[in-house]
Protein chains: 8
Amino acid sequence: MKHYQDLGFAKLDHGRARRRGFPEVVFCENKTTEQIGKIFLAMRQRKDTVLLTRMSKGQFEGIKHLDKKIKYSDSGRIAWFNKRKTKSKGKILVITGGTSDIPVAEEAAITAEVMGNSVQRLYDVGVAGIHRLLANTDKLNDAKVIIVVAGMEGALGSVVSGLSSAPVVAVPTSVGYGSSFKGLSALLTMLNSCSPGIAVVNIDNGFGAGYFASMINKK
Amino acid sequence: MKHYQDLGFAKLDHGRARRRGFPEVVFCENKTTEQIGKIFLAMRQRKDTVLLTRMSKGQFEGIKHLDKKIKYSDSGRIAWFNKRKTKSKGKILVITGGTSDIPVAEEAAITAEVMGNSVQRLYDVGVAGIHRLLANTDKLNDAKVIIVVAGMEGALGSVVSGLSSAPVVAVPTSVGYGSSFKGLSALLTMLNSCSPGIAVVNIDNGFGAGYFASMINKK
Amino acid sequence: MKHYQDLGFAKLDHGRARRRGFPEVVFCENKTTEQIGKIFLAMRQRKDTVLLTRMSKGQFEGIKHLDKKIKYSDSGRIAWFNKRKTKSKGKILVITGGTSDIPVAEEAAITAEVMGNSVQRLYDVGVAGIHRLLANTDKLNDAKVIIVVAGMEGALGSVVSGLSSAPVVAVPTSVGYGSSFKGLSALLTMLNSCSPGIAVVNIDNGFGAGYFASMINKK
Amino acid sequence: MKHYQDLGFAKLDHGRARRRGFPEVVFCENKTTEQIGKIFLAMRQRKDTVLLTRMSKGQFEGIKHLDKKIKYSDSGRIAWFNKRKTKSKGKILVITGGTSDIPVAEEAAITAEVMGNSVQRLYDVGVAGIHRLLANTDKLNDAKVIIVVAGMEGALGSVVSGLSSAPVVAVPTSVGYGSSFKGLSALLTMLNSCSPGIAVVNIDNGFGAGYFASMINKK
Amino acid sequence: MKHYQDLGFAKLDHGRARRRGFPEVVFCENKTTEQIGKIFLAMRQRKDTVLLTRMSKGQFEGIKHLDKKIKYSDSGRIAWFNKRKTKSKGKILVITGGTSDIPVAEEAAITAEVMGNSVQRLYDVGVAGIHRLLANTDKLNDAKVIIVVAGMEGALGSVVSGLSSAPVVAVPTSVGYGSSFKGLSALLTMLNSCSPGIAVVNIDNGFGAGYFASMINKK
Amino acid sequence: MKHYQDLGFAKLDHGRARRRGFPEVVFCENKTTEQIGKIFLAMRQRKDTVLLTRMSKGQFEGIKHLDKKIKYSDSGRIAWFNKRKTKSKGKILVITGGTSDIPVAEEAAITAEVMGNSVQRLYDVGVAGIHRLLANTDKLNDAKVIIVVAGMEGALGSVVSGLSSAPVVAVPTSVGYGSSFKGLSALLTMLNSCSPGIAVVNIDNGFGAGYFASMINKK
Amino acid sequence: MKHYQDLGFAKLDHGRARRRGFPEVVFCENKTTEQIGKIFLAMRQRKDTVLLTRMSKGQFEGIKHLDKKIKYSDSGRIAWFNKRKTKSKGKILVITGGTSDIPVAEEAAITAEVMGNSVQRLYDVGVAGIHRLLANTDKLNDAKVIIVVAGMEGALGSVVSGLSSAPVVAVPTSVGYGSSFKGLSALLTMLNSCSPGIAVVNIDNGFGAGYFASMINKK
Amino acid sequence: MKHYQDLGFAKLDHGRARRRGFPEVVFCENKTTEQIGKIFLAMRQRKDTVLLTRMSKGQFEGIKHLDKKIKYSDSGRIAWFNKRKTKSKGKILVITGGTSDIPVAEEAAITAEVMGNSVQRLYDVGVAGIHRLLANTDKLNDAKVIIVVAGMEGALGSVVSGLSSAPVVAVPTSVGYGSSFKGLSALLTMLNSCSPGIAVVNIDNGFGAGYFASMINKK
């Protein structure tokens, strides 16, 4: 038996839920609304969770008639269907350096929630005013995994890691005053952190961070 | 009470074991043998594990008289003292693409072992002959965390991630035929993995991968 | 006798068909519709195949009245006239990692077809679900040349190469979740492949891959 | 039955000859002489060709006692054993821009010869004196595949491609007057060639070019 | 006496004609139409040539009422007033690799003409069909300075330089099939030319090439 | 007592005025007009100066009804409220290389003025006509701090520094003829100045330069 | 009268002390010991301070016989003669992230001391253990200028700036675990700091930071 | 008749003197002493000038016995034989920013002298003390071509160009305090000069500048 379904333009990897614990996630950029609709319907039949990332408002408008239960987040540009039940596991804490990092953080937070995790948010606690972070150390200690979302210089990852015993998943963002070379600055900062216990996902890849954190939390 | 000890050239962060679950690790590059010796003695007094990374053979020769129980790995360029007991937790699997990636893999594996984890090694299973990896899927399924160490194009991370439900910590190495721009190629590959569930540490940073994997395993 | 025709803004290289086996190909970006029309008419007189790449929909609308037999592919942004007969030679297999890579793949496939080759397509078999590729090894073995089109981390090239005895022409694409630095990540991956038997063309250069594969197949 | 042999530090991919038409090639950089010796002996038992690339003079001195029939090229830094018979197929032509590109060209030429091809060399015909190339157009027409090895600006690839109907495999080299950014300049030139029919391998990767050309010639 | 005139937002360097042989040239990008008009009127009073580069069609429409004698080139995006008389000096030859390079070439050619030089154009003679260039060697020999404008791989500069005794001023353009990194590829090619006798100006800087060639021709 | 005020999407750092001598500055890019309005009102209550940078004309139109006393600069894209009184301290001199650098210079100048400094402007004195700068050496000597704003090659910073005993804060701009790689060229120039006494802020970061100069002037 | 002295290979700028408040500083890299000696003697005659940077131990051994009063710092690779008197001005605080940053910090500290400033050192207070910094806020408040020297991710600059009202001069260092791209990571971090009040000097340029801080302190 | 002589490892382009006005120049890097000797002897037979660039002291020692008349410059790493007579033409002025740029400047100056030009040197007049340059404007006016050799920020090219009516050939050097990215900073500065009349050769390519200037002077 083949473990995938061939739609011509796509081969749906239906073995993924069994192999990896969560079904294939649909990346909507560069796909037509029609293609997304067909993929959604094929996946709904499997009766598992459907997660659709990088979905524009227009794409959502084009497919929401397919099923009333599809949810959408404007800020995170992410849609989902048939969210998994949250089981009693550890908490995932999502932190941002500034207000401008919130869209990427929401993509991470919603991904983790749809995958069945309990998520806590702590936004705008960047190192320019570090007392805002120090006033929340209880939340740092309470988390099983921490996702740090930060642009500009991305220093927040190192500071959070130095204060906590949880693994830190760092997400550089392309946000920046002046030129931050579209997130490259924050990416390099996080890769070169002087504090061990950090691993990094791609620039603006909130989904990747949420997925990775969920895999840790599940273990 | 201060949580650090001031040696003049260094301020030992003795609060770290309490805060983060493992004491400060000593990075030996650019330090003199005398400095390393002083730091070792100060840390030994705390009766906890001492881990010294990026230590040259010459540096080890210069400090090994301080205590017979200091161990050293030539391949991983890492020394340790008073290794933590391995408790019954999940396994960490360390995989390499080729033979040339082994030194970085050993740095990762020994770090995890010294921090009290059970580690399994699976070396030279790169994608040029993917059946070598497919013949070992049982090991992939058996691990709680997987560390993938690969240079050249670094494709192994994506492939392993696609086959397993464990989180993958990817370590790009600076090993390469022709020019791999000192690991930049593998780093970008791993950051852009089409398979979610990967996070990346810096080029050749085996220590960082072992430390991060240990934090996941501990949870 | 001069082997080129001077249109003022262009010097048509009419010796190319004799010298290289296929006439000059027209690159439409940065050319006006009027210029493209003049070049088309001058080339049609030579009674050989005309291939026009990177042609926008608008440019096609502006020249299609010149001859009803001009064909156009929206997806591949490529037009052709007087396609060569397909002779009984080996097959060219065009593979993509994902759905988003299809436009570049179509540029490659149509180029090869117009040049008289038999082409087979195998789309969306990226390494995140490698069983989709392994289920199609017969197609890999059946090809005389394989074109692999992949963005994000571009790992598919190495994996395909490791499984086949055909030369692999790799095309990195600028498609990517998060930031793939406009295809640079996939380009570096493919250049640094650990599996020999791969050569690379420029980012998104489907035409170049199709042309090169055709030259191999012809030999 | 496993298709590989486990030496601990390496897993020899003995299925490769069957799968790809040529056995695994040994990359010697970062391997100890002892490791190379063990791999050589294990491969010799299979009675097929053994090719060892990027081998230093010192490494060769350390293993040549194992079998008198091992050959070595100083210039190409490559060793081989049990060369394949040259069958009556097309010719591979290896061209260099300058004298300094010869070591990379020799790695390519010897690789192709050991794999059973007939190879012709045409060295030092760079574009600064293009009549040297134009005086040899008969050789260009006579080849089934052409390998162009060039550093500095790497323009030779485009010029040769424009003159011939054979596919051109371009190898940028790190040779350069002033700063050529270690081959990056020639690499970009070759990727951006205005003449179709070129594909590129990594900087200084003569082996990759010879291997790829051999796969084309075999077809 | 001050050698400049202060308009508040600009300080016109009226000493430049005396010091450098040609008055200040006005760069129009990022200037308002009103600012350009004021500068034009102030310069017209000096009764010397006025050259305005990178001027959009819209900017020209906004100032052309100021004086009927202002000329404008759409293709070169350049305007001028009171062109210098062409004296009997050597010729400047402007060559392009392709049709897409013509706008930059026109900026160079018009700049040189306005500065009083005799200019000859030879367009679309790129190295993909080198016989088009070889058929025009008489023009190469006839020039006192040659400007080579080429995108993609930029190899034309080296080839022209190898065929001529005139100094070659090379202009990389941002034109390219696939990704040429916005002209970086051609820039590096030209800087690393294996043929001496080339100097390079910035990407797309036709004005700079025309100005520099004029300074050589004047001497 | 908490030193910040939690608005949900932002945590206003009200301790900053006490800690750093000036209240938190609001960066408007990527914030909604509604968010900016809420932040403004919260800050106005503190009766200190409010500075809002990178504010678009549209954002200003959306909040100006909140208080008639909000001022806005089109050129500098900056708004302010309740400007500090200028005390009798040294002068800050803001210099630009060209007319196109004025918007960044205005952001710097207004920032410094709002923070209570006396500012002098000297625009369009770039090194192409260095006598314009030399005619103003009295202004250089009169300043306590100099801000140099320059694009293209950014050489003005070194020249000014060599002529003055005041510290020079250099701001590279993304302005440039041909390709200046979006300010990278000027940034590198300024970092590598052969004249000591220069420090650099980010590309186009006029605000950062004005703020830093104000901190020096205050001391 | 000329304001410089011509030694043939160098033109000593004796007007600099008058113009800039401190005489020309000698950069010793790429100079012969003989050249350095001649320059020293010529400068000693002026009876002002002589500062010689990037001087190797060998160069110092070669010139120290010229005058017994020449001092040398091994760690900072810097020599000086006739240090200026320290006047009662504000303090300059020099901070490092780690022990490995000390050589660059010493170059900065000694430069400032030789120029007549009072300097305080605070070493190894990086963000991995931020309490070490928080325990020293009195020193931060006590300084008129702060120099922050940090490698790896360079986050220390932002954190210090957020805690203090003094201007921060940031020096990225090329120190790093794994690959920090020779200081590029720390440089970008510091340029993109989310906390205003930072300006940056070049990688490892301790001298530049000390000089710039001295100019601020003098004002 | 062939216009080149085939030595096997090299094809001497004897047509070059006729075609370009000066015979082929020998680039010695990556050539053996034996190869250089053979090339020298073959060229000496043509009775024209022989110029050998990038020659190490060791290479010179190995070939100087071939002819007593071979001259060598340690500083410029260049050898020559049978220098051309200097004819009464314009002067070439070679300027450096600092003492460390002299080796590259000497390569340029000697190249121009061997090609028959009259050369004047003006060293160490960088922009940190611009009066040193302003005191020598007579030399700037006296030159037909100016070569500017500068490292660090490379600003000298723009300043010289702004002061003179001669074309400026700019040579960036890899000299730099702190990190100048091996000359990249100076290269970008010179390419982006705000003063027209500059063209650039590769980093440290003194030979290329001398050759290009000679071609201008000859015209």
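Being a predicted model, the structure only gives us computed values, none of them experimental.

(A) Representation of the relation of the copies chain A and chain B in the model. With an RMSD of 0.0 Å, chain A superimposes on chain B once it is rotated by 180 degrees and translated 0.0 Å along the axis. Taken together, the rotation and translation describe the operation of a two-fold axis.

(B) Expanded view of the sheet that holds strand S3 (residues 26-27) of chain B. Residues and elements named next belong to chain B. Read from one edge of the open sheet, four strands run S3-S4-S6-S5, paired in mixed fashion. Of all the strands in the sheet, just S3 and strand S5 (71-73) have a single pairing partner and so form its edges. With two bridges joining them, S3 and strand S4 (residues 50-53) adopt parallel strand pairing. When the sheet's bridge partners are listed, Val-26 is paired in S4 with Leu-52. Helix-sheet contacts for helix H2 (residues 33-44) involve S3, S4 and strand S6 (78-81), and the interaxial angle to S4 is about 160 degrees.

(C) Here's a closer look at the interface of chain A and chain B. Listed as interface residues are 31 residues of chain A and, on the opposing side, 31 residues of chain B. Between chain A and chain B, the buried area comes to about 2700 Å², and carbon and sulfur atoms account for 60% of it. At the boundary of chain A with chain B, the tally comes to zero salt bridges. In this assembly, chain A and chain B are joined by 17 residue pairs in polar contact (both at pLDDT 80 or more). Among the secondary structure elements, those contributing two or more residues to the side of chain A that touches chain B are helix H1 (16-20), strand S9 (143-150), helix H7 (156-163), strand S10 (168-172), helix H8 (184-191), strand S11 (198-200) and helix H9 (206-218) of chain A. Per element, the largest residue contribution to the side of chain A that touches chain B is six residues, and it comes from H9(A). Among the residues making up the side of chain A that touches chain B, the classes are represented as 18 nonpolar, eight polar and five charged.

(D) Broad picture of the domain arrangement of chain A. Residues and elements named next belong to chain A. Split into domains, chain A comes out as domain 1 (4-81) and domain 2 (91-217). Using C-alpha coordinates to define each centre, domain 1 is positioned 26 Å away from domain 2. Opposite the twelve residues of domain 1 that make contact, domain 2 presents 13 residues. Carbon and sulfur atoms supply 66% of the area that domain 1 and domain 2 bury against each other, a total of about 1100 Å² over both sides. At the surface where domain 1 touches domain 2, the tally comes to one salt bridge. For Arg-54, the salt bridge is made with Glu-107, and the minimal N-O distance between the two is 3.3 Å. Inspection of the region where domain 1 meets domain 2 yields two residue pairs in polar contact (both at pLDDT 80 or more). Residue composition of the side of domain 1 that touches domain 2, by class: five nonpolar, five polar and two charged.

(E) Focus on the side chain of D:Gln59. Residue and element names in this part refer to chain D. With respect to the helices and strands, the residue Gln-59 is situated in helix H3 (residues 57-63). Exposure remark for Gln-59: the relative accessible area of 11% places this residue in the buried category. When residues no more than four places from it in sequence are discounted, the contact partners of Gln-59 are Cys-28, Lys-31, Thr-33, Ile-36 and Arg-54.

(F) Fine view of the environment of E:Ile198. Relative to the elements of secondary structure, E:Ile198 occurs in strand S11 (residues 198-200). Since its relative accessible area comes to 9%, E:Ile198 is described here as buried. Sequence separation of E:Ile198 and E:Pro167 is 31 residues, and the distance between their C-alpha atoms is 6.3 Å. Setting aside residues no more than four positions away along its own chain, E:Ile198 makes contact with E:Gly157, E:Ser158, E:Ser161, E:Val168, E:Ala170, E:Met190, E:Ser193, H:Val201 and H:Phe212.

(G) Summary view of the confidence of the model for chain A. Per-residue confidence for chain A averages 91 on the pLDDT scale, and 96% of its residues sit at or above 70. The ipTM assigned to the predicted complex is 0.93, against a pTM of 0.91.

Procedures and definitions
- Residues numbered from 1 in each chain as written.
- Chains lettered and ligands numbered in written order.
- Predicted model: local features only at pLDDT ≥ 70, side-chain atom pairs only at ≥ 80, totals over all residues.
- Heavy atoms only, no water.
- Least-squares fit on C-alpha atoms with pLDDT ≥ 70 in both.
- Pairing = 2+ DSSP bridges.
- Helix = DSSP H or I, 4+ residues; strand = E, 2+ residues; numbered from the N terminus.
- Contact = heavy atoms within 4.5 Å.
- Axes fitted to C-alpha atoms, helices over the stretch in contact; angles between N-to-C directions.
- Buried area = accessible area lost by both parts, 1.4 Å probe.
- Salt bridge = Lys/Arg side-chain N within 4 Å of Asp/Glu carboxyl O.
- Polar contact = N/O pair within 3.5 Å; in protein donor to acceptor, adjacent residues only side chain to side chain.
- Nonpolar A, V, L, I, M, F, W, Y, C, P; charged D, E, K, R; others polar.
- Domains from an automatic or database assignment.
- Buried < 20%, exposed > 50% of the residue type's maximum accessible area, 1.4 Å probe, protein only.
- pLDDT = per-residue confidence, 0-100.

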